[in-house]
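Coordinate analysis (summary)
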Amino acid sequence: MKSIENKNLSNVAIKISIYNIFSLLISKFGGLIFTIIIARMLLPELFGVYALVLSIATILLTFTDWGMDNTFFRYLSDSVGKGNKKLSRSYSRYFLKIKLSFILFSVIILLVISKYLSYSIYKNPLLFYPLLFSCLFIISEALKITFGILFAARKDFRPVLFFDISSQILKIVLSIFALLIFTDSLKVSGLFMAFFVSGFFTLILMFFILLKRDKSLLLGKTKEFNKSKMYSYWKYMLFVNLSLVFFGSIDTLMLGKFVPLEYLGYYRAAMSLIVLVSSLFSVSGIFLTIFTQIKGVRFQRGFSKILRYMLILSIPATIGIIINAKYLIKAIYGDNYIFAAYSIYFLSLLILTTPLIGLYSIIFEAKAKPKIVSKAVLLSLIMNILLNILVIYLFKDKPLFIIAGVGLATSLSRFILLGLLVFYAKREFNFKVKGIGFRAPIFATLVMSAFLLAFNYLVNMNLFFGAIEVVLGAGIYFGVLILIKGITKEDFELIKNLKKE
């Protein structure tokens, strides 16, 4: 097996990630279409119920992981890369057995606390049955993630396209069917039933395709392996994952308690859009399998190049979303969700920070130091909670101000997390990023922003003119970037080489 050390990092990374990127686009845009459909069909209050139940289910989904998925991926990638099939199979069987026990534990916990959460904590009976049915979603989703790791560790991303396409289509079709046949009180429960059926079908496909492609990952003899080092890594990944899931859900959990559910619906509609856009640039996870195998100057050079491409895309996207927030909300979700724009103004900053946080996090994961990430995430989570409490206290009885302020608190806490990760990377590894070139994308973004503001002022915006504005804005941005040499000959050569792969 040809070593990654003998290949150009950029070409290898892009070649490995090409199917993953297509899969990401399908998944995220499919997710956006799904969110638009159910947001319009449920309307803000029931959409708020759905968002709150999904956040609670996501936290319990993390209890099926306990940091195990990242640990599994790291060690399985290493053994597959070395061609050690027996060790890879031992890892797979061991982690699958533990995963099943964690799934059972999580489902039992949610079944026990569902009634208390619904009637005592959030005082909303509409939550009870959706929470019960979300247990099915947890089971199918947890197993899908595990089998997805088996494909990713083999760098076999092509089947993921098929899985995502089939899953998204089935999920959308079944969800629409559920929303049409169930009454209002059972619509959200019907959604989670649809999630389970689509997920279970995809899971069966994953299982049989994996057996056909490489049954040695699951079938055959196993051997004992040293678990002490793995447990040390796992221990800290546990805190990282638990902190991250609360970090991602704490705003929803707190808003569900202190604002009417329709305002939670506005906030989650805004967050769903921002998560989609930011995730398009958050491809750092697919580079972990590469970064675990390279060191020194090549590591820093590859990291810097990926960081530069992320900034070239995320900076104009952030400003573009801020300028066109109201138009986007109206076009995507309809007039019923226009108040979501107040949250988007602040949440848009996540488009910039989310990809960078993911990229810096893999420095510590690749170097087997997740303890540092867990510390940074925990500090940022505490700050997020404190800022949320301050916002809720200052603007009580003003829910529109609260959802805007919580959006700002969420973005500020992510900036704190990013700052901590940059600081620790420099302190622990003397890791410095050079040659990024912030000036060119910032200048090109300013020119683009002037065009967007002028366009919005002169044109009576609608969906048609909005699409034209996006295309022209992107053209102006990249045109200016090329003129001021913000995109180099090396970048064009990279694209040319990719076409030859």
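Look up a bit, the structure's there.
Residues numbered from 1 in each chain as written. Predicted model: local features only at pLDDT ≥ 70, side-chain atom pairs only at ≥ 80, totals over all residues. Heavy atoms only, no water.

Remarks on the overall build of the chain
Each helix and strand in the chain was counted, giving 18 helices and zero strands. Contacts spanning at least 24 positions in sequence make up 84% of the contacts within the chain whose residues lie at least 6 apart. (Helix = DSSP H or I, 4+ residues; strand = E, 2+ residues; numbered from the N terminus. Contact = heavy atoms within 4.5 Å.)

Some words on the packing of helix H16 (residues 439-458) against helix H17 (residues 463-483)
Where H16 meets H17, the axes come as close as 9 Å, and the angle between the chain directions of the two elements is 150°. Overall, the two elements H16 and H17 adopt an arrangement that is roughly antiparallel. Taken as a pair, H16 and H17 cross one another with a handedness that is right-handed. Along the contact surface, H16 presents Ala440, Pro441, Phe443, Ala444, Thr445, Val447, Met448, Phe451, Leu452, Phe455 and Asn456, while H17 presents Phe465, Ile468, Glu469, Leu472, Gly473, Ile476, Tyr477, Val480 and Leu481. (Axes fitted to C-alpha atoms, helices over the stretch in contact; angles between N-to-C directions. Parallel < 35°, antiparallel > 145°, perpendicular 65-115°, else oblique. Left-handed = near helix turned anticlockwise from the far one by under 90°.)

Observations concerning the packing of aromatic side chains
Applying the stated criterion across every chain, the model contains 23 aromatic pairs. Relative to phenylalanine 207, the ring of phenylalanine 147 lies with its centre 6.0 Å away and its plane at 80°, an arrangement referred to as edge-to-face. Of this pair, phenylalanine 147 sits in helix H4 (residues 128-153) while phenylalanine 207 is found in helix H6 (residues 187-214), placing the two residues 60 residues apart along the sequence. Judged by centre distance (5.4 Å) and plane angle (75°), the ring pair of phenylalanine 207 and phenylalanine 208 falls under edge-to-face. (Phe/Tyr/Trp six-rings, centres within 6.5 Å; stacked < 30°, edge-to-face > 60°.)

Description of the packing of helix H8 (residues 261-279) against helix H15 (residues 399-429)
Angle between the axes and distance between the axes: these two values describe a pair of packed helices. Running from N to C, H8 and H15 cross one another at 35°; their axes reach a closest spacing of 10 Å. You can see that H8 and H15 cross each other, and the crossing is right-handed. Of the residues in H15, those touching H8 at Tyr263, Tyr266, Tyr267 and Met271 are Pro399, Leu400, Ile403, Val406, Gly407 and Thr410. Across the contact of H8 with H15, the residue classes break down as eight nonpolar, two polar and no charged. (Nonpolar A, V, L, I, M, F, W, Y, C, P; charged D, E, K, R; others polar.)

Some points on a nonpolar patch on the surface
A cluster of nonpolar side chains, Leu378, Ile382, Met383, Leu386, Ile389 and Ile416, forms an exposed patch at the surface whose accessible area comes to about 500 Å². A total of five residues in the nonpolar patch trace back to one element, the largest contributor, which is helix H14 (residues 370-394). Tracing the chain through its elements places isoleucine 382 in helix H14. You can call isoleucine 382 partly exposed: its relative accessible area is 43%. (Patch = residues over 30% accessible without salt bridge, like charges linked within 9 Å, V, L, I, M, F, W, Y side chains within 5 Å. Areas by Shrake-Rupley, 256 points an atom, 1.4 Å probe, with all protein chains shown as cover. Salt bridge = Lys/Arg side-chain N within 4 Å of Asp/Glu carboxyl O. Buried < 20%, exposed > 50% of the residue type's maximum accessible area, 1.4 Å probe, protein only.)

What to know about the pattern of salt bridges
Applying the stated criterion to the full structure yields one salt bridge. The salt bridge partner of lysine 144 is glutamate 141, with a shortest N-O separation of 3.7 Å. One end of the pair, lysine 144, and the other, glutamate 141, are both in helix H4, three residues apart, so they sit about a helical turn from each other.

Observations regarding unusual backbone geometry
Phi at leucine 43 is positive, roughly 70°, even though this residue is not glycine. The topology assignment puts leucine 43 in helix H1 (residues 9-62). Here lysine 123, not a glycine, exhibits a phi torsion of approximately 50°, which is positive. Tracing the backbone through its elements, the reader meets lysine 123 in the loop between helix H3 (85-121) and H4. A relative accessible area of 60% places lysine 123 in the exposed class.

It is worth stressing that arrangement in space is one thing and function is another; only the former is reported here.
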